[in-house]
Structure formats: C-alpha cells, structure tokens
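Descriptive analysis of the structure
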Amino acid sequence: MTRIGGTWQNWGRSAQVKPLRVERPRSAEGVQRAVQAAVAHGLGVKAVGAGHSFTGIAIAPGVLLELDDLQGLVSADAGTGRVTLLAGTRLHRIPRLLAPYGLAMENLGDIDRQSIAGAISTGTHGTGARFGGLATQVVGLTLVTAAGEFLRIDEQRNPEMLPAAALGLGALGILVDVTLQCVPAFVLQAVDEPAPLDDVLSTLDARVAGSDHFEFYWFPHTDVALTKRQTRMPESTRREPLPAVGRWVDETLLSNGLYRAVCATAQVVPAITPPFSRLAVRVTGDRRYTDLSHRVLTQSRTVRFREMEYALPAENVVPAFHAVRALIERRGWRIEFPIEVRFAAADDRWLSTAHGRESGYIAVHRYWRADQTEYFEAVEQIMREYDGRPHWGKLHTLTADQLRESYPRFGDFVELRDRLDPDRVFSNPYLDRVLGA
C-alpha cells in the first residue's frame, strides 16, 4: 500500500519527517520493487520499524518503507535452533512464534516493542556479562541492495559481510529477513531488591559475575540502588510468576500511571522530584518470581521519555557513574528518571558498542517534555572521558571523525558501504553525520 503525505515521528517525539512518499510493502519482492522505483526516480529510501530509536537513524526524506506487514515466521528448525523471521516482526510477538519449537531468543532488551530488524540494526542489547547484544544472535540475513537485488549473507554466502550487516545501521540495504540462532526455551528466577547504592558500587564486579543477568537503577536524589538479578533455569522449572494484581499495581499503576502524572507535574513544580524519587525506591523494586525468560527480561514502559546511553569498558563503569552522580549534585538538577546500568559480553560485530571489549552501559533519561540538552551533553562529556561509545539508536552528538577513533573496523564498514551503496540511496542526515557523507 502506498500513501502520499503525512508526518512520521518516532516514539520519543525526538525525530520527525514528512517523506515524499510512504509505502507499505507486503513481501520481500514488494520491498525490492519499492527500492528499484526509488532509485529510478532519484530518491533515497529508508525502512522504519516501530520507531523506538531516539536518533534520526530512521528518518526518510524521500521514500519511507513501513514494514508493519512484513512480519512472521519464515522457517524454524528445532534441532539446530535456527529461526528465520521477516524483518518487520515485533520482538514481543517472537516468543509465541518460537514456543511450538521449544525455543527462545538467548537474551532480550528491556523493551520488546521494536522490530527485529530495527533492534539488531541499532545495537539493541540486554544485560548479562556472558551474553552479547541481539545482533550477536544473527547468523544470516537477506538485504535488498541499492542495485535492487537480493543479497543473502550467512555462513555459506558472503560470510565476511556478516559482522558488518548484522548491525548495519540501515546503511547497507533494506533487511527483509533475519536468521537467528536461538536456544532451548528457559525460565528465569528473578530477584528484584533495593540495596544501598554505595554497597552496590563497591561490590559491582562480584554482583555482575554472580548472576546470569544483573542490572540496577538509581533514582537521583536517593542513596538506594534498585537491583535486578536473574538466574537461568531449565524450562521444566516450576514457575512462580508475579500475581496478576501485584504486577498491575507495580507496572501499570505505579511505574506508568502514577509516574506519568508525577513527571508531568515536575515540569511545573520541579521540587516534587526528589521526594517522589525517595518514595519510589521505598515502594517498588522488592520482589521474587520465576517465569519464562521473555516475561522476566522485558517490561512495559508507557511513560514517554528520551534517552542517551553509552557503552564503556566494564572497568570504567564505577568511576564514570561516580562522576555522573557528582555532576547531578553539583548542578542542582532535578532529574525525574532513573539512571540504568547494564552489562554485555565482548563481540565481533564491527559497529557493536561492545566490539572487542567487555562492556558496561550507563543510560540516562528525561521525560519527553523536559529539555534534556544540558543534562545529556554534560553526561556525554563524562562518557567520552571514560572511552564511551554511544548507542546508535539513542541520543548523542558524535560525528564520524570522533566515532572512527572508537571502532577498529569503522573504516572496513565504510568501505563495504561504498561497495553496496555508492550513491547513498539508504543514507539520511543522521547516517551522514555518524558515517560520513
């Protein structure tokens, strides 16, 4: 389906565009025809998934391809754990597709509204020092290139391209399907509990090593960390999920409903932020439960926000966190959103924020109606001092010249881009900034 006019905007309301044309292909061949037509008319073309990137990575001034109709399971093999999905498939739909085969994705981020293509292309990750981001689960994919051709990349065909294309920023072509290496379905035993922030920071290495998945949140203006740790168990493990009413109170009433009202009020009365934050850490974040992996790893977030996240060498997380904490106190800011700290294993994806190094992530957020500029820019300076790499789908100000210094294979990626898209059919202002025009 094609429609003309209208404005597209992302979930965080931090990027918008009025494309010349919007198309909604229903098949891989439909994507191919759309790319061929765009090239014939001298137009750029970009695909969008769920719009959950905060940067302008999906901005399409020319032809915007909505992949909402390109969803579903192409094939699955329970024996090998290999599963191929159409590129627009939303993450939250994948567990149901995998269930008949007794499979699960090895790890997930904390939000599951994204499309699989968008999630891998921007470097979406979860937490767990022994697990990589979602792009590390990719063992094959199919692109429509700027030449209007299908290009299969996997272990047998063009394998040298896989570390680039699995996390390609949408710069190499339009993904139409993705093949994942899945694992046997599993259960997570979860413990969410508050702990003194200073104690968590002083014992962070042991906490991260002692759990399959560990993360913590810190509400500025408090001295408490809300920790989350999870242990992987066989699928046959007895499940003890959160009671429906208790989960609704925690996640819908408190974490989303009441929190949305407080964030909105804080824009008018900033002084309410510190006392609410201190209340929040007293009434949330203390629970134990066991459930299927995707029900534990992901959570519902309906309060609209904007985010910046940097990946650091794991050993730099604590000093960088101390610097951010001191910054907030020194500036006297009233920050209504918590800071999130997660971890990931080193990997070989050329543009992965964890490329070649064990990594920790520090993410900062602001309510979408607040001006995040001063806060984010000051935090970004700290992150750069500690050898940080910005998440491709979250707000940052870095350019190609700065990013080139952080990625050993940056030049190789640009060379591959030059081969596959010499005329920059798939470029946009964001990609021009971070990869070079």
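Residues numbered from 1 in each chain as written. Predicted model: local features only at pLDDT ≥ 70, side-chain atom pairs only at ≥ 80, totals over all residues. Heavy atoms only, no water.

1. Quick notes on the pairing of strand 8 (residues 82-86)
Heads up, the condition is: Whether two strands pair depends on DSSP finding at least two bridges between them. Each helix is a run of H or I in the DSSP string that is no shorter than four residues. Each strand is a run of E no shorter than two, and both are numbered from the N terminus.
Across four bridges, the pairing between strand 7 (residues 73-77) and strand 8 is antiparallel. For Leu73, the partnering residue across the bridge sits in strand 8 and is Leu85. Hairpin connection between strand 7 and strand 8: a loop of four residues separates the two successive antiparallel strands, and Gly81 in this loop has a positive phi of roughly 80 degrees. One ladder, built from five bridges, connects strand 8 with strand 12 (residues 174-181); its direction is antiparallel. Residue Arg82 lies in a different strand from strand 12, and its bridge partner there is Gln181.

2. With respect to the pattern of salt bridges
What counts, and what does not: Salt bridge, as used here, is a side-chain nitrogen of Lys or Arg placed within 4 Å of a carboxyl oxygen of Asp or Glu. Between buried and exposed lies partly exposed: a residue is buried under 20% and exposed over 50% of the maximum accessible area for its type, with that area taken using a 1.4 Å probe on protein chains only.
The full count for this structure, using the stated rule, is 31 salt bridges. Salt-bridge contacts for Asp68 lead to Arg24; the nearest nitrogen and oxygen are separated by 3.5 Å. Of the two residues, Asp68 is situated in the loop between strand 6 (63-66) and strand 7 and Arg24 in the loop between strand 4 (21-23) and helix 1 (28-40); the sequence distance between them amounts to 44 residues. On the basis of relative accessibility, which here comes to 24%, the residue Asp68 falls in the partly exposed class. The shortest N-O distance in the salt bridge between Lys394 and Glu309 comes to 3.0 Å.

3. Comments concerning empty space enclosed by the protein
The condition that has to hold: The way it works is a 1 Å grid over only the protein atoms, where trapped points that fit a 1.4 Å probe form a cavity and open points with protein on both sides within 12 Å along at least five of seven lines form a pocket, and then any residue with an atom within 4 Å of a point lines it. Grid points are joined across faces, edges and corners, and a volume is the space filled by probe spheres set on the points. As a working rule, the residues Ala, Val, Leu, Ile, Met, Phe, Trp, Tyr, Cys and Pro are called nonpolar, Asp, Glu, Lys and Arg charged, and the rest polar, with Gly in that last group.
Tallied over the entire structure, the rule returns four cavities of 30 Å³ or more. The volume enclosed by the largest cavity comes to roughly 590 Å³. His52, Ser53, Gly118, Ala119 and Thr122 are, among the 36 residues lining the largest cavity, the residues nearest its centre. Elements that contribute at least two residues to the lining of the largest cavity include exactly strand 5 (45-48), helix 3 (116-122), strand 12, strand 18 (305-313) and strand 19 (339-344). Broken down by element, the lining of the largest cavity gets its largest block of residues, five residues, from helix 3. Tallied by class, residues from the lining of the largest cavity come to 14 nonpolar, 15 polar and seven charged.

4. Observations concerning the packing of helix 10 (residues 317-331) against helix 11 (residues 373-385)
Keep this limit in mind: Note on method: axes are straight lines fitted to C-alpha atoms, helices fitted across the in-contact stretch only, with angles between N-to-C directions ranging 0 to 180 degrees. Handedness of a helix crossing follows the sense of rotation of the near helix relative to the far helix, less than a right angle counterclockwise being left-handed and clockwise being right-handed. Here, two residues are considered to be in contact whenever any of their heavy atoms come within 4.5 Å of each other.
Close contact between helix 10 and helix 11 brings their axes to 10 Å; oriented N to C, the two are set at 145 degrees. Where helix 10 crosses over helix 11, the handedness of that crossing is right-handed. Contact residues: helix 10 offers Ala320, Ala323, Val324, Leu327, Ile328 and Arg331, while helix 11 offers Glu374, Tyr375, Ala378, Val379, Ile382 and Met383. Of the residues in the contact of helix 10 with helix 11, the class split is 10 nonpolar, no polar and two charged.

What is shown is where atoms sit, not what they do.
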